[in-house]
Amino acid sequence: MTLFSKLPDVGTTIFTVMSKLATDCNAINLAQGFPGFDCYPYLHDLVNYYVSEGYNQYAPMSGVPIFKQRIAEKTSRVYGVDFKAESEVTVVSGATEALFAAVTAVVNKGDEVILLEPCYDSYAPAVVLNGGVPVYVSLRLPDFSVDWDKVKSAITDKTRLIMVNTPHNPCGYVWTQKDLDTLAELIQDREIYIVSDEVYEHITFDGREHLPMFSHPVLKERTFACGSFGKTFHITGWKIGYCLAPEKLTAEFRKIHQFLTFSTATPLQYALADFMMEPSRYLHLNAFYNRKRDLFCRGLMKTDFEFTPAQGSFFQLVSYGHLSQESDYDLAVRMTKQLGVASIPVSVFYHDKTDHKMLRFCFAKEDEVLEKALELLQGSIF
Ligand code: PMP
Ligand code: GLN
């Protein structure tokens with residue numbers, strides 16, 4: 001038998017590949033994006049409590065009511081935008097599920113979907129598996145801002161969806177009000193939807209504010225906003241997130257969600273519902289990661305890399321094109337083996353593997369780990 005591959009060009013994700021290499025080489029893993037520290041012990045207590053109290057059967061398909069309520073309250077408190085807990089908030093098993101379900105809800109065979117590259121690796125496969133056609137628009141160097149003229153030229157009668165991500169992985173760019181306004185202007189008279197990946201919403205630097213797509217009225221009516229508790233509470237292994245969308249969009253989203261995972265771990269939902277009542281538990285993240293970014297960037301200045309400090313997310317890009325023309329993939333592998341620090345080559349976030357000679361480091365690690373990595377990165381590699 002010959003199984004016809006639906007994703008013939010896709011291999012194992014770079015995050016898995018580089019994490020394995022880091023383990024094999026006993027290297028510091030600044031490649032895959034996950035915090036190198038644990039969540040608050042109180043969160044352990046809450047989960048233990050709900051598990052031992054017997055909250056261990058299926059949660060309602062769209063999420064535990066009190067949890068959806070708390071997500072709606074947080075959204076209203078932080079952004080001043082209201083969503084109805086019962087009909088506009090859906091709990092999912094990670095933002096990856098939210099992105100896939102939202103794309104599936106919108107995209108039909110032959111529909112064009114605008115992807116701003118570099119972009120997170122799950123977007124294009126979600127589009128392709130639904131019969132959609134990715135239309136790639138490159139972000140503009142050096143800051144990886146959106147080139148709106150290029151987006152405008154990419155829009156056709158077949159464009160059904162645009163996928164956006166702010167704060168951006170891997171580049172750290174944070175959308176401005178002008179970005180939101182321009183997008184609204186471009187699509188307001190068309191039936192174009194938005195899947196907005198905002199998993200780093202609480203990680204912005206130097207006083208920048210995260211602007212969700214739903215903060216703009218024209219964008220709100222057509223946006224599926226995808227969030228993740230993994231980044232916000234240092235629990236990437238829990239795979240729990242949510243989707244906020246207007247009622248009609250949510251109805252379609254839930255039709256997909258119920259056959260993808262049906263529902264999400266019950267005790268985790270109750271625990272997070274309690275935990276998120278205290279806003280300081282997520283509002284401190286900007287300052288927490290701003291300090292880590294600064295520490296990491298100060299150390300990078302002693303290396304040969306060139307860089308511009310990230311505006312948001314917990315990733316820092318560095319360039320080495322002034323030193324070598326080696327491919328970013330080869331360099332990332334060699335650095336893991338020879339210097340003992342693993343990173344992600346940025347070319348993997350481009351469909352055609354465009355190589356700007358850049359690497360991505362995750363600085364969501366203990367200070368001592370970052371300091372050790374920075375020391376190793378001063379070693380000679382070129
Ligand atoms: N989007 C982006 C930009 C990410 O960086 C990640 C993962 N870290 C995800 C989505 C997936 O989030 P989750 O782990 O909640 O599925
Ligand atoms: N989002 C993480 C990153 O960008 C990885 C998540 C994963 O391994 N799938 O590194």
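Predicted, not measured: the structure shown is a model, and the values here were computed from it.

**Student:** Before we move on, can you summarise the site of ligand 1 with the specific residues and values?
**Tutor:** Near ligand 1 lie 13 residues; those nearest to it are Thr-96, Asp-197, Tyr-200, Lys-231 and Lys-239. Asp-197 is positioned such that a nitrogen or oxygen atom in its side chain is 2.5 Å from a nitrogen atom of ligand 1. Compared with its free state, where it exposes 400 Å², ligand 1 has 93% of that area covered by protein. If one sorts the elements of the shell around ligand 1 by residue count, helix H5 (residues 95-106) sits on top with three residues.

**Student:** Provide a residue-level description of the side chain of Lys-292, including the pertinent values.
**Tutor:** Position of Lys-292 among the secondary structure elements: in helix H14 (residues 285-300). Judged by its relative accessible area of 3%, Lys-292 is buried. Among the polar contacts made by the side chain of Lys-292, one reaches the main-chain carbonyl oxygen of Lys-365 at a distance of 2.9 Å. Excluding residues that lie within four positions of it along the chain, Lys-292 makes contacts with Phe-37, Phe-363, Lys-365, Glu-366, Asp-367 and Leu-370.

**Student:** Quick rundown of the packing of aromatic side chains? Include the residues and the values.
**Tutor:** Overall, the coordinates contain 32 aromatic pairs when judged by the stated rule. Taken together, a centroid distance of 5.9 Å and an interplanar angle of 80° make the contact between Tyr-58 and Phe-262 edge-to-face. Here Phe-262 lies in the loop between helix H11 (247-260) and helix H12 (266-275) and Tyr-58 lies in the loop between helix H2 (41-52) and helix H3 (65-79), a separation of 204 residues in the sequence. The side chain of Lys-74 reaches across the aromatic face of Tyr-282, ending 4.7 Å from its centre. Cation over ring: Lys-220 sits above Phe-83, and NZ or CZ is 4.5 Å from the ring centre.

**Student:** Break down the site of ligand 2 for me, citing the residues and quoting the values.
**Tutor:** Surveying the vicinity of ligand 2 reveals the residues Phe-15, Gln-32, Gly-33, Tyr-120, Asn-169, Lys-231, Phe-315 and Arg-360. One nitrogen or oxygen atom from the main chain of Gly-33 is found 2.6 Å from an oxygen atom belonging to ligand 2. One of the side-chain N or O atoms of Asn-169 is found 2.9 Å from an oxygen atom in ligand 2. Contact with the protein chains covers 79% of the free accessible surface of ligand 2, which is 300 Å². Broken down by class, the residue content of the shell around ligand 2 amounts to three nonpolar, three polar and two charged.

**Student:** Just give me the short version of the environment of Ile-114, but keep the residues and values in it.
**Tutor:** Note that Ile-114 resides in strand S3 (residues 112-117). For Ile-114, a relative accessible area of 1% translates into the label buried. Between the alpha carbons of Ile-114 and Gln-269 there is a distance of 33 Å; along the sequence they are 155 residues apart. Not counting the four nearest positions on each side in its chain, Ile-114 is found in contact with Val-135, Val-137, Val-151, Ala-154, Ile-155, Thr-159, Leu-161, Ile-162 and Met-163.

**Student:** Help me get a handle on helix H15 (residues 328-338), residues and values and all.
**Tutor:** Three or more residues of H15 are buried, namely Asp-328, Leu-331, Ala-332, Val-333, Met-335 and Thr-336. Elements that come into contact with the buried residues of H15 comprise helix H1 (14-24), strand S10 (341-342), strand S11 (344-345), strand S12 (358-362) and helix H16 (367-377). Of the residues one or two after H15, Gly-340 is the one with positive phi, at around 80°.

Definitions and cut-offs
Residues numbered from 1 in each chain as written. Chains lettered and ligands numbered in written order. Predicted model: local features only at pLDDT ≥ 70, side-chain atom pairs only at ≥ 80, totals over all residues. Heavy atoms only, no water. Near = heavy atom within 4 Å. Polar contact = N/O pair within 3.5 Å; in protein donor to acceptor, adjacent residues only side chain to side chain. Areas by Shrake-Rupley, 256 points an atom, 1.4 Å probe, with all protein chains shown as cover. Helix = DSSP H or I, 4+ residues; strand = E, 2+ residues; numbered from the N terminus. Buried < 20%, exposed > 50% of the residue type's maximum accessible area, 1.4 Å probe, protein only. Contact = heavy atoms within 4.5 Å. Phe/Tyr/Trp six-rings, centres within 6.5 Å; stacked < 30°, edge-to-face > 60°. Lys NZ or Arg CZ within 6 Å of the ring centre and 35° of its normal. Nonpolar A, V, L, I, M, F, W, Y, C, P; charged D, E, K, R; others polar.

So yeah, pure geometry; function would need other evidence.
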